[in-house]
Every structure is written in structure tokens, then in C-alpha cells.
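Remarks on the overall topology
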Amino acid sequence: MNLAVEIAGVSLKNPVTTGSGTFGSGEEYSEFVDLSSLGAVTTKGVANVPWPGNPTPRVAETYGGMLNAVGLQNPGVDVMIERDLPFLKKAGATVIVNVCGKTAEEYIEVVERLSDQPADLLEINVSCPNVKEGGIAFGQDPKALYEITKAVKEKAKQPIIMKLSPNVTDIREMAKAAEAAGSDALSLINTLTGMKIDIEKRDFLLANKTGGLSGPAIKPVAVRMVYEVCSTVKVPVIGMGGILTAEDALEFIMAGATAVAVGTANFTDPRATVKVIDGIGAYMKDHGIEDIKELIGCVK
């Protein structure tokens, strides 16, 4: 059976990667997972300088998932280059580096620093607040998304994947804007904005008041959005949002996703990615499918 897929000219041995922010930068999970066995390792978001993240509490369990308002805490791109990328390449991983920033200049600085580094693909997190435009996320306005995609694409040496926010009226418009600006691939969905209140304290449970909802609760929304985007654009899509099992992953693949990312499941089962890969293989064997490409977008 052939599980290999291709994203923007980069070959992945199977269609399973990790959700950014749920797998550290790979080393944290390496005692549980052979990193070279994954389609790719997607790192946590990295900025041009260290980000401290939001005040605590910033994580809360919810029915069918979790809320997080970590705030993209990260040690900065210099640590990524000095520590994380060498480790990942030594481990034999295909690497997708997630990039974040609060201005176009910050994104570009990171992209340029990574230009001669062993990162195979760059995933651009456009859910960051655009500080020059009043704090609205780059990914919530088609014009802003077009401009940031175009600016990053002009400087990037690696193919870029724009990671789309679901917190929009029509995700197809966002996908078209990113594709028109030159994005080589798309990934979706990022978290849905949610809130939890502590009724005993009569206060917000998260210090940030709101957080990003992830986990199984968002999967039906994610599958629908992936289907809509795959039916709208020609670039490959990485689907994500609540994948716990191979069956979950196959829904995204049949909806049109070329690859999938396992995120929140890593917190409850550090071997979730491997189990999903094995499960996809078992499904293909049981159904007499020789190539994963037979399943990609088979539901019209």
C-alpha cells in the first residue's frame, strides 16, 4: 500500500502530521514516537523574538475538548535554529515550522531567518492579532490575508502553507484570497473562539476571558470547512480539528484533504499520531485500496 502524499513538492511518507502547539517542537514526544515515522512534524509557533504568552490560568478542559489561551508562548526563532531544527533533522523528520507574528515585518523576519535552515515547509499562523490594524487577526479579513500571504511568499525560500482561522463568515473567501496571493498549500482549521465561566467564583475561567476551542467537539465544523475549501481551491489542503482516530482522519481525507494533523489528541495519548497512521493503513488493507490517493476527495 502507498500512503505517501505530496504537499507543494515536498513528499510525505504518509498523510499524518502534528497540530502546531500540541507536539512541542518534536523532542518532547520523541520518547513515545519515532519522529521519522510521521508524515511530518509541525512545530509550535515561532516568532522573531521570545514571546511570554498569556497570564494563567490559560488552559481549561471542556466537554469534548479543551480551551487554550496560551498566547503562542515560544522561545523565539534563534532557539528554533540552534536547538530544535538540528534535533528534528537528526531524528529523520520532515519538518513544517509554524510561524507567527504581530506585524508583516515580524513574519518576514522569521521567514528570512529560516531561509537557509532545514525546514521543509513553513506554516503561517494568521490567527495572530495584527497590531497595526487594531488587533483583528490577519486571517479574519480577506484583504489582510492576501497582503500577508503575498509579503511572506515573496521572501520565503520554502513553500508556504497559510493556516486559516474558522472564525470568519465564509472560509472559502479566505481560502481564495490566500491562493490568489501565492500560498502553496492551506491548513485548516485553527481553533474556534470559546469561553468558560467558573460558576463558583463567578468569573472567567481563563485569565484571557476567551480561548481557542479544540478537540472532538469541533470536528464536524472542521470537516465541513475542509470540504468547502477543497471544493473551492486547487492547492493542497491539510485538514485538522478534533482528529482522535483513523476514522476521523479518513473523513478529512475523503472530504478532500491531502494530509491531516493530529492535535489535541496528543495531550491524552502521546502515540495518537502513530495509531492514526496504522489505522489508515488497516482501513486501506481491509477495503482493498492500494494508494491513499484513491481516497483523497472521493466524497463529492
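Since the model is a prediction, treat every value here as computed from it, not as a measurement. (Residues numbered from 1 in each chain as written. Predicted model: local features only at pLDDT ≥ 70, side-chain atom pairs only at ≥ 80, totals over all residues. Heavy atoms only, no water.)

**Some points on unusual backbone geometry**
The amide bond that connects Thr56 to the next residue, Pro57, takes the cis arrangement and shows omega of 0°. Relative to the assigned elements, Pro57 resides in the loop between strand E4 (41-42) and strand E5 (59-62). Residue Ile189 is reached from Leu188 by a cis peptide bond, and omega for that bond is 15°. Mapping Ile189 onto the fold places it in the loop between strand E10 (185-188) and strand E11 (192-195). Of note, the phi angle at Arg202 is positive, near 55°, even though the residue is not glycine. Residue position: Arg202 is located in the loop between strand E12 (197-198) and strand E13 (203-204). According to the relative accessible area criterion, Arg202 is exposed, its value standing at 77%. (Helix = DSSP H or I, 4+ residues; strand = E, 2+ residues; numbered from the N terminus. Buried < 20%, exposed > 50% of the residue type's maximum accessible area, 1.4 Å probe, protein only.)

**Points about the pattern of salt bridges**
Applying the stated criterion across every chain, the model contains 12 salt bridges. For Arg113, the salt bridge is made with Asp78, and the minimal N-O distance between the two is 2.4 Å. One end of the pair, Arg113, is in helix H2 (residues 104-113); the other, Asp78, is in helix H1 (residues 77-90), and 35 residues separate them in sequence. Arg113 sits in the partly exposed class, given a relative accessible area of 34%. Across the salt bridge formed by Asp170 and Arg172, the nearest N and O atoms sit 3.0 Å from each other. Residues joined by salt bridges that share partners form a network here, namely Lys219, Asp248 and Glu251. (Salt bridge = Lys/Arg side-chain N within 4 Å of Asp/Glu carboxyl O.)

**As for the packing of aromatic side chains**
On inspection of all chains with the given rule, the structure shows 2 aromatic pairs. Judged by centre distance (4.3 Å) and plane angle (15°), the rings of Phe23 and Tyr29 are stacked. On the accessibility criterion, Phe23 (0% relative accessible area) is buried. When the centroid spacing of 5.3 Å and the interplanar angle of 90° are considered together, the rings of Tyr107 and Phe138 count as edge-to-face. With Tyr107 in helix H2 and Phe138 in the loop between strand E8 (121-125) and helix H3 (142-155), this residue pair connects regions lying 31 residues apart in the sequence. Like Phe138, Tyr107 is buried. In this structure, Lys102 is placed above the aromatic ring of Trp51, and the distance from its NZ or CZ to the ring centre is 4.7 Å. (Phe/Tyr/Trp six-rings, centres within 6.5 Å; stacked < 30°, edge-to-face > 60°. Lys NZ or Arg CZ within 6 Å of the ring centre and 35° of its normal.)

**Examining the sheet that holds strand E6 (residues 65-68)**
An order of E5-E6-E14-E11 is seen for the 4 strands of this open sheet, with the pairing classed as antiparallel. For this open sheet the edge positions go to E5 and E11, each flanked by a neighbour on one side alone. The mean inter-strand angle of the sheet, taken between neighbouring strand axes irrespective of direction, is 40°. Pairing analysis gives 4 bridges linking E5 to E6, with the strands arranged antiparallel. For Thr62, the partnering residue across the bridge sits in E6 and is Gly65. (Pairing = 2+ DSSP bridges. Axes fitted to C-alpha atoms, helices over the stretch in contact; angles between N-to-C directions.)

**Notes on the packing of helix H6 (residues 246-254) against helix H8 (residues 272-286)**
Contact geometry of H6 with H8 gives a least axis separation of 8 Å together with a crossing angle of 70°. The angle between the axes of H6 and H8 places the two elements in the roughly perpendicular class. As H6 packs across H8, the resulting crossing turns out to be right-handed. Contacts from Ala246, Ala249, Leu250, Ile253 and Met254 in H6 reach Val276, Gly279, Ile280 and Tyr283 in H8. Counted by class, the contact of H6 with H8 contains 8 nonpolar, 1 polar and no charged residues. (Parallel < 35°, antiparallel > 145°, perpendicular 65-115°, else oblique. Left-handed = near helix turned anticlockwise from the far one by under 90°. Contact = heavy atoms within 4.5 Å. Nonpolar A, V, L, I, M, F, W, Y, C, P; charged D, E, K, R; others polar.)

**Here's the deal with the sheet that holds E8**
Note: strands within a sheet are paired through backbone hydrogen bonds, in either parallel or antiparallel orientation. The 8 strands are arranged E3-E16-E15-E10-E9-E8-E7-E4 in an open sheet whose pairing can be described as parallel. Strands with a single pairing partner mark the edges of an open sheet, and in this sheet they are strand E3 (16-18) and E4. On top of the sheet, H3 reaches E8 and strand E9 (160-163); it is set at about 160° to E9, its chief contact.

**With respect to a nonpolar patch on the surface**
Among the surface-exposed residues, Met195, Ile197, Ile199 and Phe204 lie close enough to one another that they form a single nonpolar patch of about 410 Å² accessible area. Structurally, Met195 can be placed in strand E11. (Patch = residues over 30% accessible without salt bridge, like charges linked within 9 Å, V, L, I, M, F, W, Y side chains within 5 Å. Areas by Shrake-Rupley, 256 points an atom, 1.4 Å probe, with all protein chains shown as cover.)

**Side note on the state of the cysteines**
Per the counting criterion, the structure on display carries 0 disulfides. Here Cys298 is not cross-linked by a disulfide; its sulfur's nearest cysteine counterpart is in Cys230, at 12 Å. (Disulfide = S-S within 2.5 Å.)

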